[in-house]
Amino acid sequence: MATLTLSAVKKQFGATQVLHGIDLEVADGEMIVVVGASGCGKSTLLRIVAGLESPTSGTVRIDGRDVTKLEPADRDIAMVFQNYALYPHMSVYENMAFGLKLRKMPRAEIHARIEEAARMLSLQSQLEKKPKQLSGGQRQRVALGRAIVRHPKVFLFDEPLSNLDAKLRGEMRYELKTLQQRLQTTMVYVTHDQIEAMTLGDRITVMSHGEIQQVAAPTIIYDFPFNRFVAAFIGSPGMNFLPGRLVQDGDAWWFALAGGARVRMDMAERSRFAEHAGKDLVLGVRPEHLAHGGFVTAAPSATTVGMTVRVVELMGDHQYVYLALSGQDQPVVMKCNSHHRCTVGQQIQVHCDAAPAHVFASTDEHAKNITLPKDFPQIHA
Amino acid sequence: MLMRDHTAEDIALARAAARRQARSRWIAHVVIGLGVLVFAFPIWITLVGSTHEVNTIGRGEVPLWFGGQAVANYVSAWFTGGAQTRMTLGVPVWIMLWNSLNMAVLIALGKIAISLLSAYAVVFFSFPGRMVCFWLIFITLMLPVEVRIIPTFEVMVNLGLINSMAGLVVPLVASATATLLFRQFFLTIPDEFVEAAKMDGAGPLRFFKDVVLPLSITNIAALFVILFIYGWNQYLWPLLIVSDKDLETVVVGMTKMIGSGDQQNEWNIIMATAVLAMLPPVAVVVFMQRWFVKGLTETEK
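This is a predicted model, so every value here is computed, not measured.

Moving on: the overall build of chain B. Helix and strand counts for chain B stand at 14 helices and zero strands. Written out in order from the N terminus, the α and β elements of chain B read α-α-α-α-α-α-α-α-α-α-α-α-α-α. Taken over C-alpha atoms, the radius of gyration comes to 27 Å for chain B, far larger than the 19 Å a tight globule of 301 residues would show. The dimensions of chain B, computed from C-alpha atoms along their principal axes, are 80 × 80 × 30 Å.

Another aspect to go through is the packing of helix α8 (residues 176–187) of chain B against helix α11 (residues 217–232) of chain B. Residue and element names in this part refer to chain B. The N-to-C vectors of α8 and α11 enclose an angle of 165°; their axes lie 12 Å apart at closest approach. In terms of axis orientation, α8 runs roughly antiparallel to α11. For the element pair α8 and α11, the recorded crossing hand is right-handed. Residues A178, L181, F182 and F185 of α8 form the contact with α11, whose participating residues are N219, L223 and L227. The residue inventory of the contact of α8 with α11, partitioned by class, reads six nonpolar, one polar and no charged.

All names here are of chain B. Residue placement: I258 occurs in the loop between α13 (250–257) and α14 (267–297). Using a count of 11 C-beta atoms within 10 Å as the deciding quantity, one classes I258 as exposed. A sequence separation of 12 residues divides I258 from I270, and the C-alpha atoms of the two residues are 7.7 Å apart. The residues contacting I258, other than those within four sequence positions of it, are N265 and I270.

Our focus in this paragraph is the domain arrangement of chain A. One widely used convention gives an interface's size as the accessible area the parts lose upon coming together. In terms of domains, chain A is made up of domain 1 (4–231) and domain 2 (238–360). Relative to domain 2 of chain A, the C-alpha centre of domain 1 of chain A lies at a distance of 39 Å.

Residues and elements named next belong to chain A. When you tally the buried positions in strand β3 (residues 31–35), you get five out of five residues, the bulk of the element. Two elements, β3 and strand β8 (residues 186–191), share five bridges in a ladder whose sense is parallel. Within the sheet, the bridge partner assigned to I32 lies in β8 and is V188. As paired elements, β3 and strand β9 (residues 203–208) share four bridges and run parallel to each other. Across the sheet, the residue bridging to V34 is T205, located in β9.

Turning next to the interface of chain A and chain B. Chain A puts 16 residues into the contact, and the matching count from chain B is 16 residues. Counting residues per element, the ones that place at least two in the side of chain A that touches chain B are β6 (77–80) and α2 (92–102) of chain A. The greatest single-element share of the side of chain A that touches chain B, amounting to three residues, is contributed by α2 of chain A. For the side of chain A that touches chain B, the class distribution of residues is 12 nonpolar, three polar and one charged.

Quick look at the nonpolar core now. By size, the foremost hydrophobic cluster in this structure holds 144 residues, and its most contacted members are V33, V34, V49, M79, L156 and V188 of chain A. Of all the elements, helix α4 (residues 93–124) of chain B adds the most residues to this core, at nine residues. Counting contributing residues, this core receives three or more from each of domain 1 (4–231) and domain 2 (238–360) of chain A. Not counting residues within four places of it along the chain, the set of residues in contact with V34 of chain A comprises K42, L45, L46, V188, V190, T205 and M207 of chain A. Core analysis: the second largest hydrophobic core is formed by 17 residues, A77, V93, L97 and V250 of chain B among them.

Here the focus is the packing of α2 of chain A against helix α3 (residues 107–120) of chain A. Residues and elements named next belong to chain A. Running from N to C, α2 and α3 cross one another at 135°; their axes reach a closest spacing of 10 Å. Compared by their axis directions, α2 and α3 come out oblique. Crossing angle aside, the handedness with which α2 passes α3 is right-handed. Across from Y93, M96, A97, L100 and K101 in α2, the residues of α3 making contact are I110, R113, I114 and A117.

Residues and elements named next belong to chain A. Read across the sheet, six strands follow the order β6-β7-β8-β3-β9-β10 without closing on themselves; strand pairing throughout is mixed. Only two strands of the sheet have a single neighbouring strand rather than two, namely β6 and β10 (211–216). Here the average twist between neighbouring strands, direction ignored, is 15°. The pairing of β9 with β10 spans five bridges and is antiparallel.

All names here are of chain A. In space, the four strands of this open sheet follow the order β2-β1-β4-β5, with antiparallel pairing throughout. The open sheet is flanked by β2 (16–26) and β5 (65–66), the only strands paired with a single partner. Where strand β1 (residues 4–13) and β2 come together, eight bridges link them in antiparallel fashion. Each bridged residue has a counterpart across the sheet, and for K11 the counterpart in β2 is L19.

What follows deals with helix α6 (residues 149–159) of chain B. The buried fraction of α6 of chain B amounts to one of the 11 residues, a small share that puts the element mostly on the outside. Of the residues one or two after α6 of chain B, G160 of chain B is the one with positive phi, at around 70°.

Residue and element names in this part refer to chain B. With 12 residues, helix α10 (residues 204–215) extends 15 Å between its outermost C-alpha atoms, agreeing within 8% with the 16 Å of an ideal straight helix rising 1.5 Å per residue. Those residues of α10 lying buried are D210, V211, V212 and L215. Projected onto a plane normal to the axis of α10, the buried residues spread over an arc of 155° and lie on a single side. Seen from the open side of α10, the exposed residues pointing more than 90 degrees away from its buried face are L205 and K209. Buried positions along α10 lie against α4, α8 and α9 (191–200).

As a further point, take the environment of I110 of chain A. Residue and element names in this part refer to chain A. As for its position among the elements, I110 is in helix α3. When the C-alpha atoms of I110 and I22 are compared, they prove to be 37 Å apart, with 88 residues separating the residues in sequence. Beyond its immediate sequence surroundings of up to four residues, I110 is in contact with A97, L100, K101 and M105.

With that settled, consider unusual backbone geometry. All names here are of chain A. Look at the link from S236 to P237: it is a cis peptide, with omega at -5°. As for its position among the elements, P237 is in the loop between α8 (228–233) and β11 (240–249). Despite not being glycine, S122 has its phi angle at roughly 45°, a positive value. Inspection of the secondary structure assignment puts S122 in the loop between α3 and α4 (136–148). Take S122: there are 11 C-beta atoms within 10 Å of it, and that puts it in the exposed class.

Calculation notes
Residues numbered from 1 in each chain as written. Chains lettered and ligands numbered in written order. Predicted model: local features only at pLDDT ≥ 70, side-chain atom pairs only at ≥ 80, totals over all residues. Helix = DSSP H or I, 4+ residues; strand = E, 2+ residues; numbered from the N terminus. Rg over C-alpha atoms; globule rule 2.2 N^0.38 Å. Axes fitted to C-alpha atoms, helices over the stretch in contact; angles between N-to-C directions. Parallel < 35°, antiparallel > 145°, perpendicular 65-115°, else oblique. Left-handed = near helix turned anticlockwise from the far one by under 90°. Contact = placed C-beta atoms within 7 Å. Nonpolar A, V, L, I, M, F, W, Y, C, P; charged D, E, K, R; others polar. Buried ≥ 20, exposed ≤ 12 C-beta atoms within 10 Å, placed from the backbone. Domains from an automatic or database assignment. Pairing = 2+ DSSP bridges. Core = buried A, V, L, I, M, F, W, Y, C linked by C-beta atoms within 7 Å. Expected span 1.5 Å × (residues − 1). Arc of directions from axis to C-beta.

Dropping the structure here:
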């Protein structure tokens, strides 16, 4: 039971600035997922919390206590590593007991804690085995168990599922979630997988280039990305980005795409359109907000754009249709119901739902979203 | 698909293939047999020679089958060093074997202990001059004992370690090779183990004792075999540093049994001594073979 507070944490390796002043507040019992591409500094951040790296400046507080200068073992934290880091010569039981023994905990208490953790993780029959004899999923559970028996104030996870195959990863995600609901302990979970972030996090922290891009609950991150980076990172397949300009036509605002087509911008927040009119902007639309709007012979409307089918990926109940749009290098991805029959080479009208779409202030990778509600908080929500 | 009966041509081809295989198997066996003969024949001569009486070999005969003097020769070698005819030497072989055993075990264990610790320091600690230390160790690889034997001898004289077990062992006890091997092995230990140990609250010595050492056990065993034999076979250094008969090692002592030619050599006793001198290294290899192979081939991770 503890809060975790990072203030102005910076880290430099030689001349390379890895973290540019990170501020983050994790509430008691909250699971926060730090997500970002490799090299964005998320692992360094976690290692600073763990005490395996020391920050160049800034402080780390656990439950208000400044632990920046403390050894990892004195911080009352536990960490689960990507490669499990189980000692190969020790049995499962000894692996879990090692840290407790070093703490001079009485044998009976060690035993009780291991029994409890083993029950929680269904490892009772594996306690005498060596890590080598276990499957990947079981090893991961032992690594979890080793963290649990410590009864730490904060759990740290460093990409714990990335060594598992897809099916097992799904199962372990579920187990981690139930475990978190049960333990009610503060957790920091680092991953590059946005699906893990969406499913596990109470809140998600999106990082890029050593800076926090946005901190918010999964639904807010998904629906109100603060900038283009967040919009691109969260969601699979990713958001479509269509370059173009905003033009005013009477009362209505239109987004003129590079290829010549226009889409009417019916979104709620249009107050910042005027100041950005005429500039090179980017329209962001998620695949599920595009829809099959009939064949090209159908009359084009204010919200449809003509495109050509290039590739169709059938997923079962739905399909992803990759479309070519003139003036656009990247294919546009549309998610639609499988009963819409799309054949390669076919020209179709694509209906674009502009209400949930976003406009980004420039073609830059980190361009701000200018369609967020006026009172939307900056970065931290 | 249509099945086709074997034609005469197919059968002939199959026979030719079988013949070729048989022939290459046969050649392989001949080669390996010759190899065994080359290596084993001198040992056979020694073994057989150690069972004859002194005059047989003295006459210049090389017997190929056992004689009747085995027990007498070995008893004589073991207890008196075969001094019936030459009263000049006569260190019992059991003393020489005991000295050799002490020296070889101390050298092997000492080398392992020192190189484990120095490799541990070089790999797991970052301190100023770490790479300098490593390279200094590495460079000594290129300087064998023979090259630095005169300064080493002088140092030992000044320390008063002439004619002592310490004088025998200490100059041979640091090993760049073993340090290098342990360093290479330690580099394969994942960083995450170190970090997990830090989270567990294990200090450097605890990590060494509870994680690094158990992981290195097969490597240690393999190195022990190599280093034991290295120590056992030491010749030049013991020859220089020890003149006291009570500290004679068997490899050196055996050559001292061979006289300068003014007297008849007791070849039967010398050969018995050679056989006895071979047994401990053979025993170590046989006993530790399983570990030895494991240590060289297997990584436990």
